[in-house]
Amino acid sequence: MAAFAVLGALAALVLPNAGPTSELAWLAVGVAALLVAVGIVAASPAPVHAAVAVLGVIFLARHDLRLLLAPLYGAGLLVMEDLAIQTIELRGVERIALDAIGARTAARLTAVAAGAGVSAVAALAVTAAPGRSVALTALGGIAAVAAFAGIAYLARRRYRDPSDGGPTA
Amino acid sequence: MNGSLSARTPGLLALAAAGAVAGLATGRPELALLAAPFLVFAGAGLMRSGEPHLSAEIELDRTRLLEGEAVTATVRLRNDGTSAVGVALAPARTRQLVLEPSGTVAVRVAPGAEAEVRFLVRPRRWGAHALGPVVVRAGDPLGVTTWEGRVGPRLDLRAFPREQRLRELVAPLRTQPFLGTHVARARGDGIEFADVRPFRVGDRVRQVNWRATARRGALQVTDRHPEHSSDVVLLIDTFEEARDDGGGTLDSAVRAAAALARGHLSRRDRVGVVDFGGTLHWLEPAFGTTQLYRIIDALLASGIAFSYAWRDVDSIPRRVLPSGALVLAITPLLDERSTALVIDLRRRGCDLTVVEVSPLDHVAPGPSAANAVAYRLWRLQREALRARLQALGIGVAVWDDGASLGPALEGVNAFRRSARLALPG
C-alpha cells in the first residue's frame with residue numbers, strides 16, 4: 001500500500017503540469033501501478049523496475065522545474081521500488097523482529113537520502129554549467145562509466161569465484 | 001555461505017545505466033539525475049556487504065514424544081562477525097514436521113551477540129524425523145546482496161505411535177517351554193487343572209488327589225497345565241497402503257503393531273517383527289522391555305517401498321519365524337504378494353492371524369455411477385478374500401484406527417475356538 005501511495009505522490013508531481021500530454025501521462029501512471037501490482041503478486045522485481053522506468057519517462061512530461069525536482073523525484077522512485085521489493089521479500093516471513101525492520105528502514109532511508117544528495121549536487125553542477133558541449137557530455141559519460149566500473153569492481157571483489165584461485169570474501 | 005547479488009540488484013543497475021545513457025544521448029540531464037539515487041543505492045549496498053559469520057544451535061526440550069504432542073525447538077543464532085546482520089531463518093525439516101511459525105522469522109543479530117527464536121514442532125505422525133540445520137538468508141541492510149546457507153546441527157526427533165492398551169490378545173495355539181502366562185496344552189507343573197489319573201511311578205506325593213483317591217480306592221493324582229510363554233511374530237505388510245490427508249493404513253498398522261508388541265511382551269512372550277514389503281527388515285523374537293524399545297525403533301523406520309519384486313515366505317530367515325510361533329500379519333490386504341504370503345504361511349502349518357487394517361476410511365468411491373459400482377465390487381472382493389482366508393483357518397480381525405483393537409481380537413479368538421484349529425506335528 002505504501003508503494004502505491006508513493007506512486008500516487010509521484011504522479012501528483014507530474015500530472016498537473018503535464019499539459020497536452022496529460023492523457024498519455026495518466027495512462028502511463030495506470031500502467032505503472034498495474035506493473036507494480038503484478039510484480040508484488042508474482043513476487044518478481046522485473047515488473048516493478050519496468051514501472052520505475054515508465055514513471056521515469058513520464059517525468060519528462062512536466063514542463064518546468066524538471067532539474068530542480070529530479071533529485072526528489074528520483075529518490076521517490078527509489079523509495080517506491082524499495083517498498084515494493086520489501087513487500088515481495090517479506091512475503092514468506094511470518095514473524096519479524098522490530099529492531100530488524102527498524103535497522104533496515106533506517107539504512108535504506110539513509111541510502112536514499114545520500115542518493116538524492118548526489119543527484120542534487122549533480123543538478124547544481126548542470127545548472128551552473130554553460131550549455132551543452134562535447135566536453136561536458138564526455139565528462140558526464142566518463143563519470144557514469146567510472147561509477148559503473150567502481151560498482152563492478154566491488155561486486156567482483158565480494159563475489160569472486162573461489163575456483164579462480166584468488167582470495168574469497 | 002553462498003553470496004550473490006539479490007534479485008533486485010540487476011534491475012537497479014539497469015535502471016541507473018539506462019538513465020545515464022538516455023540522459024547523455026538525448027541531452028536531458030534530468031534522466032541521469034533520476035538514475036543517480038539508484039546508482040548510489042546499489043553502490044552503498046555493495047560497499048556494506050560482506051559474508052556474515054553466523055553459527056547456530058538448535059535445542060529441543062525433548063527428543064522423544066508421542067504422536068500428537070509438540071516440542072519446543074529453540075534456535076540460537078550467533079553472529080561472530082563485526083557488523084550487525086539481518087537474517088531470515090527457518091529450520092530445515094522433514095515433510096512430516098509442522099512448525100509454528102511455519103514461515104521464516106526475520107531477526108537482527110548484533111555483532112558478538114545471539115538471537116533466540118522458538119518454534120513449536122509437531123510431528124504429523126509417528127516416525128523418526130529430522131530437524132535442522134537452520135536455513136539462513138542474510139544480506140546487507142539495503143537488500144543489494146544476499147548470503148544463503150545452512151548452519152547448525154541436524155537433530156533427530158522420534159515420535160512414538162499412540163498405542164491402545166489391549167486387554168485381549170490372540171491366544172497362541174502352541175507355547176514355548178518358558179514361564180509365561182498362557183495355559184499350555186501340555187501337562188506339567190502349573191495352576192490350571194487338567195485331569196485326574198491313576199498314580200504312576202515317579203509322581204510326586206504333592207500331586208496326589210486325596211479326595212479322588214478316597215472315592216476310587218486307589219491312588220489318584222491331579223494333572224495340571226503349566227503356564228508358558230509363546231513366540232509372537234508381528235508381520236507388517238509394507239507393500240502397499242491406502243493413504244489420504246488424514247493418514248494411511250501403514251500409520252494404523254504401526255500403531256496396532258506397537259500395541260500388540262507391548263501387550264505380548266507384558267505377558268512374557270517373545271516378540272519379533274518382520275517388515276515385509278519392497279524391502280525386508282526383521283527383528284528376531286526376544287523378551288523384555290528392551291525388546292519393546294527395539295521393536296518401536298524398528299517400527300519407526302517402517303515405510304512403503306515400492307517394488308515389483310515378488311517375495312515369498314522363503315525370503316524370511318527361518319530363525320525369525322520360530323516353529324510354533326504365533327504370526328500376527330498386520331496388513332491392509334491390498335497387495336497380492338502379501339495375501340499370497342499369508343496363505344503360504346498357513347499352508348505350511350503356521351499359527352496365523354490376520355489383523356486387517358481397513359483401508360475403507362482412506363478410499364472414497366469416485367463421482368460417477370460406474371465408480372460407485374467399482375467401489376462396491378472392490379468391497380465385495382475384499383469380503384470374498386476374507387472368507388477365503390477364514391476357510392483356510394486364518395482368523396481375520398478387521399480393524400479401523402478409530403475403533404478399539406480389543407473387540408476385533410476377541411472376535412478372532414472366538415473364531416479360533418470355533419474353528420478348532422490344529423497344528424501339524
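Quick caveat: nothing in here was measured; it's all calculated off a predicted structure.

Caption draft 1: Broad picture of the overall build of chain A. Secondary structure summary: chain A contains 6 helices and 1 strand in total. Helices and strands appear in chain A in the N-to-C order α-α-α-α-β-α-α. Counting across all 169 residues of chain A, residues that qualify as buried make up 34%. Of the contacts formed within chain A by residues at least 6 apart in sequence, a portion of 69% connects residues at least 24 apart.

Caption draft 2: Region of the structure containing helix H7 (residues 369-391) of chain B. Relative to the 33 Å expected for 23 residues at 1.5 Å per residue, H7(B) spans 33 Å between its end C-alpha atoms, a close match to the ideal helical length. B:Gly393 sits one or two residues past H7(B) and shows a positive phi near 90 degrees.

Caption draft 3: Geometry of the environment of A:Ala61. All names here are of chain A. Positionally, Ala 61 belongs in the loop between helix H3 (45-58) and helix H4 (66-89). Residues Ala 61 and Gly 19, 42 residues apart in the sequence, show an inter-C-alpha distance of 7.8 Å. The residues touching Ala 61, leaving out its near neighbours within four places in the chain, are Val 14, Ala 18, Thr 21 and Ala 25.

Caption draft 4: Fine view of the sheet that holds strand E4 (residues 71-79) of chain B. All names here are of chain B. Read across the sheet, 4 strands follow the order E2-E4-E8-E6 without closing on themselves; strand pairing throughout is antiparallel. On the outer flanks of this sheet lie strand E2 (54-60) and strand E6 (97-100), each paired with one strand and no other. Each strand of the sheet is rotated relative to its neighbour by a mean of 30 degrees, with strand direction disregarded. Judged from the 8 bridges that link them, E4 and strand E8 (residues 114-123) form a sheet pairing that is antiparallel. Bridged to Val 75 within E8 is Val 117.

Caption draft 5: How the structure looks around the environment of B:Val274. Residue and element names in this part refer to chain B. Tracing the sequence through the fold places Val 274 in strand E19 (residues 270-277). For Val 274, a count of 25 C-beta atoms within 10 Å puts it in the buried group. Sequence-wise, Val 274 and Leu 321 are 47 residues apart; in three dimensions their C-alpha atoms are separated by 9.0 Å. Ignoring sequence-local partners within four residues, the contact set of Val 274 consists of Val 233, Leu 235, Ile 236, Trp 282, Ile 316 and Val 320.

Caption draft 6: Structural detail: the interface of chain B and chain A. Taken together, the 52 residues of chain B in the interface contact 55 residues of chain A. Of all the secondary structure elements, the ones that give two or more residues to the side of chain B that touches chain A are strand E1 (2-5), helix H1 (9-26), helix H2 (29-48), strand E5 (85-93) and strand E7 (104-109) of chain B. At 18 residues, H2(B) tops the list of elements feeding residues into the side of chain B that touches chain A. Taken together, the residues of the side of chain B that touches chain A break down into 33 nonpolar, 14 polar and 5 charged. The pairing of strand E1 (residues 93-96) of chain A with E7(B) spans 3 bridges and is classified as parallel. Bridging across to E7(B), A:Arg95 finds its partner in B:Val105.

Caption draft 7: Structural view of the pairing of E4(B). When E2(B) meets E4(B), the two strands line up antiparallel, connected through 7 bridges. Looking at E4(B), one finds that B:Ser55 is bridged to B:Arg78.

Caption draft 8: Quick peek at the sheet that holds strand E23 (residues 395-399) of chain B. All names here are of chain B. Taken in spatial order, the 6 strands of this open sheet run E20-E19-E16-E21-E22-E23, and their pairing is mixed. Two strands close off the open sheet at either side, each with one partner strand: strand E20 (280-286) and E23. When strand polarity is set aside, the average angle formed by the axes of neighbouring strands in this sheet is 15 degrees. Note: strand E21 (residues 326-331) against strand E22 (residues 351-357), 6 bridges, orientation parallel.

Caption draft 9: Structural view of H3(A). For H3(A), built from 14 residues, the straight-helix expectation of 20 Å at 1.5 Å per residue is met to within 8% by its first-to-last C-alpha distance of 20 Å. For H3(A), the set of buried residues is A:Pro45, A:Pro47, A:Val48, A:His49, A:Ala51, A:Val52, A:Leu55, A:Gly56 and A:Ile58.

Caption draft 10: Quick peek at the nonpolar core. Ranked by size, the top nonpolar core spans 81 residues in total, and within it B:Leu89, B:Leu234, B:Ala257, B:Val327, B:Leu328 and B:Ile330 carry the most contacts. It is helix H4 (residues 249-266) of chain B that contributes the most residues to this core, 10 residues altogether. Those residues in contact with B:Leu234, other than ones at most four positions away along the chain, are B:Ala257, B:Leu260, B:Ala261, B:Val271, B:Val273, B:Leu328 and B:Ile330. Judged by nonpolar contacts, the second largest core, of 59 residues, contains A:Val29, A:Leu55, A:Met80 and B:Ala32.

Caption draft 11: Up close: the pairing of strand E11 (residues 155-160) of chain B. Residues and elements named next belong to chain B. Note that strand E3 (residues 64-66) and E11 share 3 bridges and pair parallel. By the bridge assignment for E11, Leu 65 is matched with Ala 159. The pairing of strand E9 (residues 127-139) with E11 spans 5 bridges and is classified as antiparallel. Across the sheet, the residue bridging to Leu 131 is Leu 155, located in E11.

Caption draft 12: Region of the structure containing the packing of H3(A) against H1(B). One way to put it is that H3(A) packs onto H1(B) with a least axis distance of 10 Å and a crossing angle of 20 degrees. On the basis of their axis angle, the class for H3(A) and H1(B) is roughly parallel. The two elements H3(A) and H1(B) cross, and the hand of that crossing is right-handed. Judged by residue contacts, A:Pro45, A:Ala46, A:His49, A:Val52, A:Ala53 and A:Gly56 of H3(A) engage B:Gly11, B:Ala14, B:Leu15, B:Ala18 and B:Gly19 from H1(B).

Caption draft 13: Examining unusual backbone geometry more closely. In this structure, B:Pro101 follows B:Glu100 across a cis peptide bond, with omega equal to 0 degrees. Cis geometry is adopted by the peptide bond preceding B:Pro133, which originates at B:Gly132 and carries an omega value of -5 degrees. For B:Pro133, the position within the fold is in strand E9. Even without being glycine, A:Ala43 reaches a positive phi, approximately 55 degrees. Locating A:Ala43 in the fold gives a position in the loop between helix H2 (22-42) and H3. Residue class for A:Ala43 comes out exposed when judged on the 12 C-beta atoms lying within 10 Å of it. Its identity as a non-glycine residue notwithstanding, B:Arg268 has a phi of 65 degrees, on the positive side. Relative to the assigned elements, B:Arg268 resides in the loop between H4 and E19. Given 17 C-beta atoms within a 10 Å radius, B:Arg268 is considered partly exposed.

Caption draft 14: Structural view of the packing of H4(A) against helix H5 (residues 98-128) of chain A. Residues and elements named next belong to chain A. Orientation of H4 relative to H5, taken along the N-to-C sense of each, is 155 degrees, at an axis distance of 8 Å. Between H4 and H5, the angle falls in the class roughly antiparallel. Like other packed secondary-structure pairs, H4 and H5 cross with a definite hand, here right-handed. Contact with H4, carried on its side by Leu 67, Ala 70, Pro 71, Leu 72, Gly 74, Ala 75, Leu 78, Val 79 and Asp 82, involves Arg 108, Val 112, Gly 115, Ala 116, Ser 119, Ala 120, Ala 123, Val 126 and Thr 127 of H5 and no other residues of that element. Looking at the contact of H4 with H5, its residues break down into 12 nonpolar, 4 polar and 2 charged.

What counts, and where the lines are drawn
- Residues numbered from 1 in each chain as written.
- Chains lettered and ligands numbered in written order.
- Predicted model: local features only at pLDDT ≥ 70, side-chain atom pairs only at ≥ 80, totals over all residues.
- Helix = DSSP H or I, 4+ residues; strand = E, 2+ residues; numbered from the N terminus.
- Buried ≥ 20, exposed ≤ 12 C-beta atoms within 10 Å, placed from the backbone.
- Contact = placed C-beta atoms within 7 Å.
- Expected span 1.5 Å × (residues − 1).
- Pairing = 2+ DSSP bridges.
- Axes fitted to C-alpha atoms, helices over the stretch in contact; angles between N-to-C directions.
- Nonpolar A, V, L, I, M, F, W, Y, C, P; charged D, E, K, R; others polar.
- Core = buried A, V, L, I, M, F, W, Y, C linked by C-beta atoms within 7 Å.
- Parallel < 35°, antiparallel > 145°, perpendicular 65-115°, else oblique.
- Left-handed = near helix turned anticlockwise from the far one by under 90°.

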